[in-house]
Protein chains: 2
Amino acid sequence: MSRTAFFISDGTGITAETLGRSLLAQFESLEIRMVTKPYIDSTEKAQQLADVIQATAARDGETPIIIDTIVDQTIRGIISQAPGFKVDVFTTFLAPLEEELKVHSSYSVGRTHSIGQDDVYMHRIDSVHFALDNDDGARVSQYDTADVILVGVSRCGKTPTSLYLALQFGIRAANYPLTEDDLDEDGNLKMPRALAPHRHKLFGLTIDPRRLAAIRTERRPNSRYCSIDQCLQEVQQAEALYRRFHIPYIDTTRFSIEEISTRLIAETGLQRRFSPR
Amino acid sequence: MSRTAFFISDGTGITAETLGRSLLAQFESLEIRMVTKPYIDSTEKAQQLADVIQATAARDGETPIIIDTIVDQTIRGIISQAPGFKVDVFTTFLAPLEEELKVHSSYSVGRTHSIGQDDVYMHRIDSVHFALDNDDGARVSQYDTADVILVGVSRCGKTPTSLYLALQFGIRAANYPLTEDDLDEDGNLKMPRALAPHRHKLFGLTIDPRRLAAIRTERRPNSRYCSIDQCLQEVQQAEALYRRFHIPYIDTTRFSIEEISTRLIAETGLQRRFSPR
């Protein structure tokens, strides 16, 4: 017997889902099926969803959990008739906030994840294209206008991190792969020529060599590229470079893209250029 | 006189910030400075932050708003001594949830945005690289394994949307640009050969021609590419193609990447392959 949780919104559902997943992650022993229902913005859709919740309750034999950020009172009224344990985010917090702020809230739908200010939004899109254009050391001539340059060996997480930084924070993140081309005669990594003028912008990523080997095996099985010896050597060389040149770095092995990105911002003090309104 | 809101977490801060921005977006008439403080995971960091909040309160002459998802009671205790109007997300909702679920919550830090299951995470990274490899019609041979193929004219939002779908939902999204190469002798867009076998996977994006011209002007000013006539013609041809072949599509003009992506999922019924735990 398992329960179902519904994250319901008249907008994208991102707030309801983010909060809902956080709360339910605290009950790890339970198996809870999670369903996001965005754009419940008409009485028809609300009635349909109420029917679905009703049917789910009957099937599960357990009361569904309903976490919602619906603003419209009529729509909320319809949903509230369905059986469910309700976590009513806006009602719970908006009334006390109104009192504290001495202003009535506007009770308007989907404000956070809407497009917002045009120039800020353009900047976000621009950052995404910057990350793409400057992926994998492709166009080092643009490093002048980078906010940060991620360095690290192939498949340590540079590309997803640079894209996340662009999409979520409007940060212009280039990335540069450390390869054997940058080894000196002693077998040490030297500071790559393209990076030398931008040392203050560098941020290193490292990773456990075994995890790196596993990731590379998915991509190119049975190659030198994915062998544990090769991975070990590359990671050691990269970390030696970071230490020699005092490049700040983090180990991505147990971190999600969200964690790598937010830790990078926390450690560097980089300013976001975009935030969801 | 303006107020400051602090979004505080012992993890990434994503949940506190997402909820905080949503709540405060309902008070659009107020100017509220928003500050995210992630990784407040030691008593030292907590004490430092409490001092910052104290100083901010003095400077603003207004009580700061504090929205937090801190789990640790000691850390929370330190923060609570700073002056602030507290929106205490976990305490408010976890106790009633514990009662309903008849289980004690684990009160553990930063569960949601951590790395989670390895295979699911690999799938997410794989989707990001898929989106990159299949950007702008680069590698049509991989369309077999795409979950969705976004089509549209240059700069209508295909690339950021395909990356967002990959990063947030683990959806394998390719994208294909509609260009004059795909016009037939009558000046109509024909179904591009690479797309014909995958018609059921197509999803169209369209955009207001004036907005498109503005976006293209940022990129290549004073070109035919960014002229309003050119944009108007391309958009008309694209929309005609969508209608002729019954390709579902949405107008991205007033939508953020979050809205385009979540609407696409809602309309197509695409299954996510990744969710933050």
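Only a predicted model underlies this, so the values are computations on that prediction, with no experimental measurement involved.

Rules used in this analysis
Residues numbered from 1 in each chain as written. Chains lettered and ligands numbered in written order. Predicted model: local features only at pLDDT ≥ 70, side-chain atom pairs only at ≥ 80, totals over all residues. Heavy atoms only, no water. pLDDT = per-residue confidence, 0-100. Helix = DSSP H or I, 4+ residues; strand = E, 2+ residues; numbered from the N terminus. Salt bridge = Lys/Arg side-chain N within 4 Å of Asp/Glu carboxyl O. Least-squares fit on C-alpha atoms with pLDDT ≥ 70 in both. Contact = heavy atoms within 4.5 Å. Phe/Tyr/Trp six-rings, centres within 6.5 Å; stacked < 30°, edge-to-face > 60°. Buried < 20%, exposed > 50% of the residue type's maximum accessible area, 1.4 Å probe, protein only. Axes fitted to C-alpha atoms, helices over the stretch in contact; angles between N-to-C directions. Parallel < 35°, antiparallel > 145°, perpendicular 65-115°, else oblique. Left-handed = near helix turned anticlockwise from the far one by under 90°. Nonpolar A, V, L, I, M, F, W, Y, C, P; charged D, E, K, R; others polar. 1 Å grid on protein atoms, 1.4 Å probe; cavity = no way out; pocket = protein on both sides within 12 Å on 5 of 7 lines; lining within 4 Å. Points joined across faces, edges and corners; volume = space filled by probe spheres on them.

A.B. asks: A description of the confidence of the model for chain A should follow, citing residues and the corresponding values.
C.D. replies: All names here are of chain A. Mean pLDDT over chain A stands at 91; residues scoring 70 or higher make up 96%. The secondary structure element of chain A with the lowest average pLDDT is helix H5 (residues 118–133), at 87, and the one with the highest is strand E7 (residues 202–206), at 98. Here the predicted complex carries an ipTM of 0.89, next to a pTM of 0.90.

A.B. asks: An account of the pattern of salt bridges is requested, with residue identities and associated values reported.
C.D. replies: Applying the stated rule across the entire model yields 31 salt bridges over all chains. A salt bridge links Arg59 of chain A to Asp60 of chain A; the nearest nitrogen and oxygen atoms lie 2.9 Å apart. Between Arg76 of chain A and Asp88 of chain A there is a salt bridge whose closest N-O contact spans 3.1 Å. Here Arg76 of chain A is found in helix H3 (residues 73–80), whereas its partner Asp88 of chain A is found in strand E4 (residues 85–88), with twelve residues between them in sequence. Salt bridges linked by common partners bring Arg3 and Glu62 of chain A together with Glu100 of chain B together as one network.

A.B. asks: Quick rundown of the relation of the copies chain B and chain A? Include the residues and the values.
C.D. replies: The relation between the two copies of this chain is a rotation about an axis and a shift parallel to it. Note on the identical chains: chain B maps onto chain A by a rotation of 180° and an axial translation of 0.0 Å, with an RMSD of 0.1 Å. Each copy turns onto its partner about a two-fold axis. Interface overlap between copies is the fraction of interface residues in one copy that are interface residues in the other; for chain B against chain A it reaches 100%, indicating a shared surface.

A.B. asks: Can you explain the packing of aromatic side chains? Please cite residues and give values.
C.D. replies: Residue and element names in this part refer to chain B. Going through the model one piece at a time under the given rule, you end up with five aromatic pairs over all chains. A ring pair is formed by Tyr164 and Phe169, whose centres lie 6.1 Å apart and whose planes are at 75°; its orientation type is edge-to-face. Residue Tyr164 shares its accessibility class with Phe169, and that shared class is buried. Look at Tyr242 and Tyr249: their rings are 4.9 Å apart centre to centre, the planes differ by 40°, and that puts the pair in the tilted class. Exposure remark for Tyr242: the relative accessible area of 0% places this residue in the buried category.

A.B. asks: Let's hear about the packing of helix H4 (residues 89–101) of chain A against helix H1 (residues 14–24) of chain B: which residues, and what values?
C.D. replies: One way to put it is that H4 of chain A packs onto H1 of chain B with a least axis distance of 10 Å and a crossing angle of 60°. In terms of orientation, H4 of chain A lies oblique with respect to H1 of chain B. H4 of chain A and H1 of chain B meet at a crossing whose hand is right-handed. In contact with Val89, Phe90, Phe93, Leu94 and Leu97 of chain A of H4 of chain A, H1 of chain B contributes Leu19, Ser22, Leu23 and Leu24 of chain B. Of the residues assigned to the contact of H4 of chain A with H1 of chain B, the class counts are eight nonpolar, one polar and no charged.

A.B. asks: I'd like a description of empty space enclosed by the protein, backed by residues and values.
C.D. replies: All names here are of chain B. In this structure the tally under the stated criterion is two cavities of 30 Å³ or more. Roughly 40 Å³ of volume is contained in the largest cavity. In terms of lining, the largest cavity is formed by Val153, Leu178, Thr179, Glu180, Leu183, Leu189, Glu234 and Gln237. Looking at side-chain class alone, the lining of the largest cavity contains four nonpolar, two polar and two charged residues. The space that makes up the second largest cavity amounts to roughly 30 Å³. Residue classes in the lining of the second largest cavity are distributed as three nonpolar, two polar and two charged.

A.B. asks: Now, about unusual backbone geometry: what can you tell me, with residues and values included?
C.D. replies: One non-glycine residue, Tyr39 of chain A, lies in the positive phi region at around 55°. Its place among the elements puts Tyr39 of chain A in the loop between strand E2 (32–37) and helix H2 (43–60). With a relative accessible area of 5%, Tyr39 of chain A lands in the buried category. Residue His246 of chain B is not a glycine yet carries a positive backbone phi of 55°. Among the secondary structure elements, His246 of chain B is positioned in the loop between helix H8 (228–244) and strand E8 (249–251). For His246 of chain B, a relative accessible area of 70% corresponds to the exposed category.

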